[in-house]
Amino acid sequence: MKKLIYSLFIALMFLNISCEDYLDVDSPSSADADLVFSTTDEAYKVVVGCYDIWRGCNVGLFYDLQVVGSDSECHPEAYDAQTRHIPEGLYAAEISIDYSNGVSTYANLYKVINRANIIMENIALKSDYQQAVDAGTTNEWTQLYGEASVFRAEAYLELIRNFGDVPYFTEALYSAEAAEGASLTSRDAIFDGEIASLQETEKLMYRLGEGGITAERFSRTYADALIGKMALHAGGYSLRRTDFDYGISLDKMGSEMWDATYARPAEYTKYYQIAKTYLNYAIYDNAGSAYLITYDERGEGFDNPFQRNFQYNMDLVVSPESLFEVGTTRGKGNGNSEHPYAFGRPSGGGNSNAYPCKDYGQSRMYASFYYGDYDPDDMRRDVSICVTANSGACSEKLMDFTPGSRNKGGLANNKWDESRMADPYTAYKRSSGINWVRMRMSDVILMLSETYAELGEEALAKEELTKVRSRAFAPADQTTKVTNYIAALSGEELKEAIQQERKLELAGEGVRRFDLIRTGKLPEKIKEVRDAQKAMVAGLTSNGYYTFANGNQISNYIYVKAVNVADYGMDAMLTTQCTVDESDETYPLRFPSWRGNCDLWEYTDSDGNLQMSETEGERSLAIQGLFRYIDPEGAEAAALEADGYVKTDWGSNILTYEDQYTTDVFKGYTDSYYSSGVPPRYLLPLGSETIIQSNGNITNGYGFAQQ
């Protein structure tokens, strides 16, 4: 099936659990339990209820912190415009401990945990489940039990990553009083407990493609990858309280501050051994129907298997590269579709009946990342980052570095674009129906590469790294930019290259922030991105342009002209992989690749009058000087202006808002903090109700207030 229709029905009747600021439960009757778990069909409805909560419970913090708070990803608005920029930027000021998305996410994650515990406890009583466990065979009961165990593990992973040490419940709570007096449990104990639980349950789940399980449900394939992911976090660096007894030896980095330190377990390699086993299972033994897309069957003019993955998403088809996608239903009233509204190519359209409707564009990228990190021949760059937005009226509009939203706010995520959907939905905003991909195969392969490198198995690390990097380059570039590049790597350089590959591969997917945290690289990379931005600003100020190490140049001004693609012999406004030389007259329209506007829309004005259709009108942008400086006073600029091009602000807007792009970058973590080894304060405070209901057993750490 394309989408899970998230209906609660009996699931809500039985699991009538509401969360306020901590954990509040109502007790179901035994009759309810007998009814709900009478058959696998009925029990599945309860699991569907968990998926319904899950698809929304972590979006707030993903939106606020994860997809924007790294050395590649940033927010679009002015720093002072949103409270969320304070925790994202590591606390240049303090916020209320009852920060809304923190409180709601915390509550909903515990709602998922309690429902998962109820499901697991009731399924464990079923004779068909017990017989399957004894025989070591998979059936629908063991699959549902496994899905519940994944929900619980996922929820605890998100709690630890966002809040640190938290209360740990592995049994169902049937009254609010049962949660009172809870205390914090070491993250190490929680990781150990949940990894062990998944190790027991994954073996009795269906692989992707078996038993009717698609990537819209948790599978054995995903459970194995999750074990690997959790193991890397368990063995990685994190911010830890110095007033808490973890009961293990820690390797500490830097100094102490806020009664906290940045540390990882001294015996971290034992977790990498776990990751090695289970990531291999996910990629090889238990991959099922999932695989890394390395071939683009669409042929000439496309030839980009990396983009092919995201086109599946935009076609509302589950991608064969996905291990899990949060199912989303198209249409107003079915919950928000954040792709592409928040996490994709922006649009300036209105809320309804626009082409396309409004897409805010929360997911943005630093200019220094776009220009400086990607090799100019890397086919992922233009798929990942856009220089033009949808206007909302069937045309293309240049992005603008002025802080704001839609086409303002700087370079945006291009992996999801309503113009590129096979059947775009234009009735209402935030209703596209595009799934939220939570893990795909390239992520898993690079985690395995990282694991091998950390364990000293460099030949295997390079083998996995090659798989992902090779598909990013054309056949002619393979020897130089893949084979020779990887062959020369070893030691720390290899580890850094793997993390850099993850940065390039997963940009805009909300992975990089936690990669930097768990690898201990966050302080270093904060300093690097801020320095890169400052160097770019200095060059723009003194020369009118800045040249990056890869030869790319960003300039204060570029030259733009609105054109009709038909006048250039093109029959489509929406472009694919650019294969033409810079001397070709269509080059300014085709490069960068993967932009333009949908060819399916006929634009009507507010009175319903047809304005243009197909390729009529000057609806596409020809761009000159995007990666090469053109002297505004020179002959080339004069010739372009004579040809109808308009000198347009580009890097100059970065200069106008210099603080936004330099000193406001991770404003709470100063250069002096870095030089002093101060730990990065990336966690959120626990809410006041959590502290109150613990009866004194729980307090905030990390310098946060208690009320």
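Everything below is about the structure shown above.
Quick caveat: nothing in here was measured; it's all calculated off a predicted structure. (Residues numbered from 1 in each chain as written. Predicted model: local features only at pLDDT ≥ 70, side-chain atom pairs only at ≥ 80, totals over all residues. Heavy atoms only, no water.)

Membership of the largest hydrophobic core comes to 164 residues, with the highest contact counts inside it found for V444 and W650. In terms of residues, this core owes the most to one element, helix α8 (residues 140-163), which gives 13 residues. Sequence-distant contacts of W650, that is, excluding residues within four places in its chain, are made with Y371, V387, L398, M399, F401, L411, I554, S555, N556, Y557, I558 and L626. Membership of the second largest hydrophobic core comes to 12 residues, among which are Y559, Y568, M570 and L589. (Core = buried A, V, L, I, M, F, W, Y, C linked by side-chain atoms within 4.5 Å. Buried < 20%, exposed > 50% of the residue type's maximum accessible area, 1.4 Å probe, protein only. Helix = DSSP H or I, 4+ residues; strand = E, 2+ residues; numbered from the N terminus. Contact = heavy atoms within 4.5 Å.)

Let us look at the packing of helix α3 (residues 40-57) against helix α6 (residues 100-123). Remark: α3 packs on α6, axes separated minimally by 10 Å, with the N-to-C direction vectors making an angle of 165°. As judged from the angle between their axes, α3 and α6 are roughly antiparallel. The two elements α3 and α6 meet at a crossing, and its hand is left-handed. Between α3 and α6, the contacting residues are V46, V47, G49, C50, I53, W54 and C57 on the first element and T105, N108, L109, K111, V112, R115 and I119 on the second. Taken together, the residues of the contact of α3 with α6 sort by class into 9 nonpolar, 3 polar and 2 charged. (Axes fitted to C-alpha atoms, helices over the stretch in contact; angles between N-to-C directions. Parallel < 35°, antiparallel > 145°, perpendicular 65-115°, else oblique. Left-handed = near helix turned anticlockwise from the far one by under 90°. Nonpolar A, V, L, I, M, F, W, Y, C, P; charged D, E, K, R; others polar.)

Following the criterion strictly, the structure yields 41 aromatic pairs and no others. An angle of 70° between the planes, with centres 4.7 Å apart, marks the rings of F151 and F218 as edge-to-face. Highlighted residues: F151 in helix α8 and F218 in the loop between α9 (187-201) and α10 (220-234), separated in sequence by 67 residues. For F151, a relative accessible area of 0% puts it in the buried group. Taking the relative accessible area as the measure of exposure, F218 reaches 0% and is therefore buried. When the centroid spacing of 5.9 Å and the interplanar angle of 85° are considered together, the rings of Y268 and Y272 count as edge-to-face. Summarising the burial analysis for this pair, Y268 and Y272 share the class buried. (Phe/Tyr/Trp six-rings, centres within 6.5 Å; stacked < 30°, edge-to-face > 60°.)

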